[in-house]
Each structure stands twice: as C-alpha cells, then as structure tokens.
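Per-entry structural report
Okay, here's what each chain looks like letter by letter:
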Amino acid sequence: MAKPLNIGMIGYGFMGRAHTNAYKRVADFFDLEYRPVLKAVCARSADKAKEFAAKWGYESVETDWKKLVERKDIDAIDICTPNNTHSEIALAAAAAGKMILCEKPLAMNGPEGLKMVEAVEKAKVPNMVWYNYRRVPAVTFAKQLIDEGRLGRIFHYRAKFLQDWTISADLPQGGTALWRLDVAAAGSGVSGDLLAHCIDTAIWLNGPLADLNAMTETFIKERKHNLTGKVEKVGIDDACAFMGHFKNGSLATFESTRYARGHKALYTFEINGEHASIFWDLHDLHRLQYFDHRDQGSLRGWRSIHVTDGDHPYMGKWWVPGLQIGYEHSFVHQVADFLEGLTTGKPAQPDFRNAYQTQLVLDAILDSAKSQKWVTVAAG
Ligand SMILES: NC(=O)c1ccc[n+]([C@@H]2O[C@H](COP(=O)([O-])OP(=O)(O)OC[C@H]3O[C@@H](n4cnc5c(N)ncnc54)[C@H](O)[C@@H]3O)[C@@H](O)[C@H]2O)c1
C-alpha cells in the first residue's frame, strides 16, 4: 500500500488543473512508494475554491495560503499562482518544512530566485520546478540520443515559442487571466513566460549558456489595467529574440512572441550536430524528427519517429505501442519522477537550484535588451 503524500495546492487556474490531473492519475499508471492525496486547495475566493474542490476531489479548502503552509496535515505545497507570488510562498513553505513544487519561472529575477534556492537548501526540503516539457517522451528521448553521443559535436541549437493571443490593442492588462500582461505580476513578458521553457530544455539538452545578445519589443505600449481601471504603460516584453553561445561552443538562436498570427503554442527546437540533427514540435509532440548522416547514402533522410514504443521514455507505463499520449502526461511524468526522487534520494530535476540557471539567463536577456550589448550569463 503506497504511503500518502498530502498535497496543498495554491491556485486553481490552468496549472492548478494540470497538476491536479497529474496527482489523480499518477498512482494508476506508475508503481511508487508514495501516492498524492488531494488534501487542500487554496484560493482567495472561498466559493470558487469550494467549487474547484468539489469538482476535482480536494478534501478541504483554504483562502489564505499562509494558513495552508502552516497546516500540520500538509506534506507538500504546490505553487500554481502568478510569478510575483512564488517567492513569498516558497520561503514560508520552506520555513514550515514543507516539500515544494513550484511553477515556472522560479522567480521574478535571479536575486529573488537565489533566496528561494538558499531557503529550500537550508530547510533541506525536497523541491522541484514545473518545467514539464522535459517530460514529453519525445523530448526525453532527444536527451537520450544526445547523451549517447549520436549527434556528435553540437553546432546549433535553435528554439522558438510562438503565440498570437495578445495582438488586439483592446486586450486589458492585469487581474484574473491577464496577469501575464502586467509586469508587476509576471516580472517579464514572453521571455519569462515562454522562452523560459525553451531555455530550460536547452540547458538540459545542450548544457549552460555562456553569453547572449537579446532584443525585446513591446508592440502595444499602453493598455487598460484591470485592477486600476486606468490606461497604463505596458512593462512586459511582447516579443523577444536572442542569439548567443553555449559553453560547449554551439550557437544559440531563440525567439518567442505573442504576435505570430496563426500560432497558438508553437514550441519547436532543432539541434544540429556533426553527425545528426533533431527537430521537435509541440504541435506534434509525440514525434521526434531525426536525421543521421551516417545512414547509407541512398536511404538517408529525416526519420519521423513515433515515440510510442514500450522502450521509449515513459511509454511502457501507458497503452500499447503506436498509441500516443499528450500534453497533460508530461505533468503526470513530472509528479512520478518527483515521488520516485523521494524514494531514491536522487531529486527529480529541475530542482530550485537547477531552475535558477534559467533565471540567470532570463536576467541576462533583459539586461542585454536594455543595454543593447552582449551580456555574459552569470554563473549559478
Ligand atoms: N509549466 C507550464 O507549462 C506552465 C503553463 C502555464 C502557466 N505556468 C505558470 O503557472 C503559474 C500560474 O499560471 P496559470 O496559467 O495557472 O495562471 P491562472 O491565471 O490560470 O491561475 C492563477 C491562479 O492563481 C490564483 N491566485 C492568484 N493570486 C493568488 C493568491 N495571492 N493566493 C491564492 N491564489 C492566488 C488565481 O485565483 C488562479 O487560480 C505561473 O507562474 C505561470 O508562469 C506554467
């Protein structure tokens, strides 16, 4: 019989649902020592929290996250709230000795992130950041191929994350659902929201970034603010692109925007190595495109690998070969790995310290865009 691990989740929005779904499914598909229990959900509105708890199966409700963090019957705090709340909640949760699963980006900036890293390390509490794309089986498979040396020396890492939902100048900023447009809540725009995912995956697959040169643009300069009712300056970046060098000598080209008409969540990366190349696309997430120059010349070409076989990462836990899984399963895998890490003592990655590396790259991006100069990425 698996041991219960009592979850206290803060925020019931997009990620609140994605994480809850993962907690509910993980023990059905993975054999683990621990089983998440939906102990409490916290939101500022008691009615909405109760409605969410009833629908998704939480045992209780809190309206003040500080009370949740102090509850004796909670083992792990899951932070699914806007970016400007991550630090305060995480510091309190660490001080209360709770495990912490925190949404990305870890913090509003590097110095805030470092305090969070130090707090969880001092408290010795298990911790993890939800950079879930590492756990899409095709992406995990890409990591395996790279670690096996199949690509050889890496020359290029190219990543994009494109959306199109903020093009209208009538869209307000701030408040429920639109906190991403409010720099006080989000910290940055597409860089921290979208490019952060690309950076985390890149560091995982290709190692740390050394330096970069970035540009950001805010296309709509003023928007009505939902919290004040006034038209206010927009402080986020609507689009961001950078080029840079990885420490292994390969070149980085990254782009994210919410102004690419026609694209909803087009996260892609391509890696070009001496022997082989890899391409992945979130819109076709169960496939990995692979080209190997060492194949017999007449048969050489891009292979579209359907990452659904039992010997592909995570897939042996699901259905039968040929049947694919989707977006939500990356969160199930992340919970499974977190729980596994509690048993083995090998913490699931990225933990806070590991996710802090992405924060330092984000700081370098904003510094470079402001100064219009090349910036060295600080060592973590
Ligand atoms: N891993 C991913 O792919 C991914 C995807 C989306 C969002 N995120 C991250 O998840 C976090 C939440 O994003 P979201 O899309 O779920 O946002 P959302 O707007 O859908 O939900 C935010 C939730 O936080 C609640 N909230 C806000 N302030 C609060 C407070 N002080 N106390 C309690 N509850 C509070 C809101 O009521 C809401 O339930 C952000 O940090 C975001 O960057 C990660």
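Quantities reported herein were computed from a predicted structural model and do not represent experimental measurements. (Residues numbered from 1 in each chain as written. Predicted model: local features only at pLDDT ≥ 70, side-chain atom pairs only at ≥ 80, totals over all residues. Heavy atoms only, no water.)

1. Overview of the domain arrangement of the chain
Annotation of the chain at the domain level lists domain 1 (3–132) and domain 2 (134–376). The C-alpha-based centres of domain 1 and domain 2 are spaced at 23 Å. Every contact between the two is made by 46 residues of domain 1 and, on the other side, 44 residues of domain 2. Carbon and sulfur atoms make up 69% of the area that domain 1 and domain 2 hide from each other, which totals about 4000 Å². Here domain 1 and domain 2 share 2 salt bridges between them. A salt bridge links K104 to D193; its shortest N-O distance comes to 3.5 Å. Every element with two or more residues in the side of domain 1 that touches domain 2 is listed here: α1 (14–29), β2 (34–42), β5 (99–102), α5 (110–123) and β6 (127–129). (Domains from an automatic or database assignment. Contact = heavy atoms within 4.5 Å. Buried area = accessible area lost by both parts, 1.4 Å probe. Salt bridge = Lys/Arg side-chain N within 4 Å of Asp/Glu carboxyl O. Helix = DSSP H or I, 4+ residues; strand = E, 2+ residues; numbered from the N terminus.)

2. Some details on unusual backbone geometry
Cis geometry marks the peptide bond from K104 to P105, where omega comes out at -15°. Structurally, P105 can be placed in the loop between β5 and α5. Cis geometry is found at the peptide bond from Q349 to P350, where omega equals 5°. Along the chain, the position of P350 falls in the loop between α9 (327–344) and α10 (352–371). Residue A177 is not a glycine yet carries a positive backbone phi of 70°. Non-glycine residue Y314 carries a positive phi angle of around 65°. Inspection of the secondary structure assignment puts Y314 in the loop between β16 (302–306) and α9.

3. Observations regarding helix α4 (residues 86–95)
Three or more residues of α4 are buried, namely H86, S87, I89, A90, A93 and A94. For α4, the angular spread of buried residues about the axis comes to 165°, placing them on one side. Along its buried surface, α4 packs onto β1 (3–10), α3 (65–70), β4 (76–79), β5, α5 and α10. Two residues or fewer after α4 comes G97, characterised by a positive phi angle close to 75°. (Buried < 20%, exposed > 50% of the residue type's maximum accessible area, 1.4 Å probe, protein only. Arc of directions from axis to C-beta.)

4. What to know about the side chain of H312
Here H312 shows up in the loop between β16 and α9. H312 sits in the buried class, given a relative accessible area of 12%. Ignoring anything within four residues of it in the chain, the contact list for H312 reads F141, I305, H306 and V307.

5. Description of the site of the ligand
Taken together, 21 residues surround the ligand, and among them M15, N83, K104, W179 and R180 come closest. At a separation of 3.2 Å, an oxygen atom of the ligand approaches a polar backbone atom of T81. In this structure, an oxygen atom belonging to the ligand sits 2.9 Å away from a side-chain N or O atom of R180. Starting from 840 Å² of accessible surface for the ligand in isolation, the protein chains cover 88%. (Near = heavy atom within 4 Å. Polar contact = N/O pair within 3.5 Å; in protein donor to acceptor, adjacent residues only side chain to side chain. Areas by Shrake-Rupley, 256 points an atom, 1.4 Å probe, with all protein chains shown as cover.)

6. Brief notes about the pattern of salt bridges
Applying the stated criterion across every chain yields a total of 19 salt bridges. As a salt-bridge pair, K3 and E33 come within 2.5 Å of each other at their nearest N and O atoms. Taken as a pair, K3 in strand β1 and E33 in the loop between α1 and β2 lie far apart in primary sequence, 30 residues in all. Its relative accessible area of 29% is what places E33 among the partly exposed residues. Notably, a salt bridge pairs D295 with R303, separated by 2.9 Å at the nearest N-O pair. Assessed through its relative accessible area of 37%, R303 is described here as partly exposed. Put simply, K104, R180, D193 and R258 are held in one network by salt bridges that share partners.

7. Quick word on the sheet that holds β16
Strand pairs in the sheet, formed through backbone hydrogen bonds, run parallel or antiparallel to each other. The strand order across the open sheet formed by 9 strands is β16-β15-β14-β13-β7-β12-β11-β8-β17, and the pairing between neighbours is mixed. Edge positions in the sheet fall to β16 and β17 (375–376), since each has one partner strand and no second. Examined bridge by bridge, strand β14 (residues 276–281) and strand β15 (residues 287–292) share 4 bridges and lie antiparallel to one another. When the sheet's bridge partners are listed, A276 is paired in β15 with D292. Seen against the sheet, helix α6 (residues 137–147) touches β13 (266–273), β14, β15 and β16 and runs at an angle of roughly 25° to β15. (Pairing = 2+ DSSP bridges. Axes fitted to C-alpha atoms, helices over the stretch in contact; angles between N-to-C directions.)

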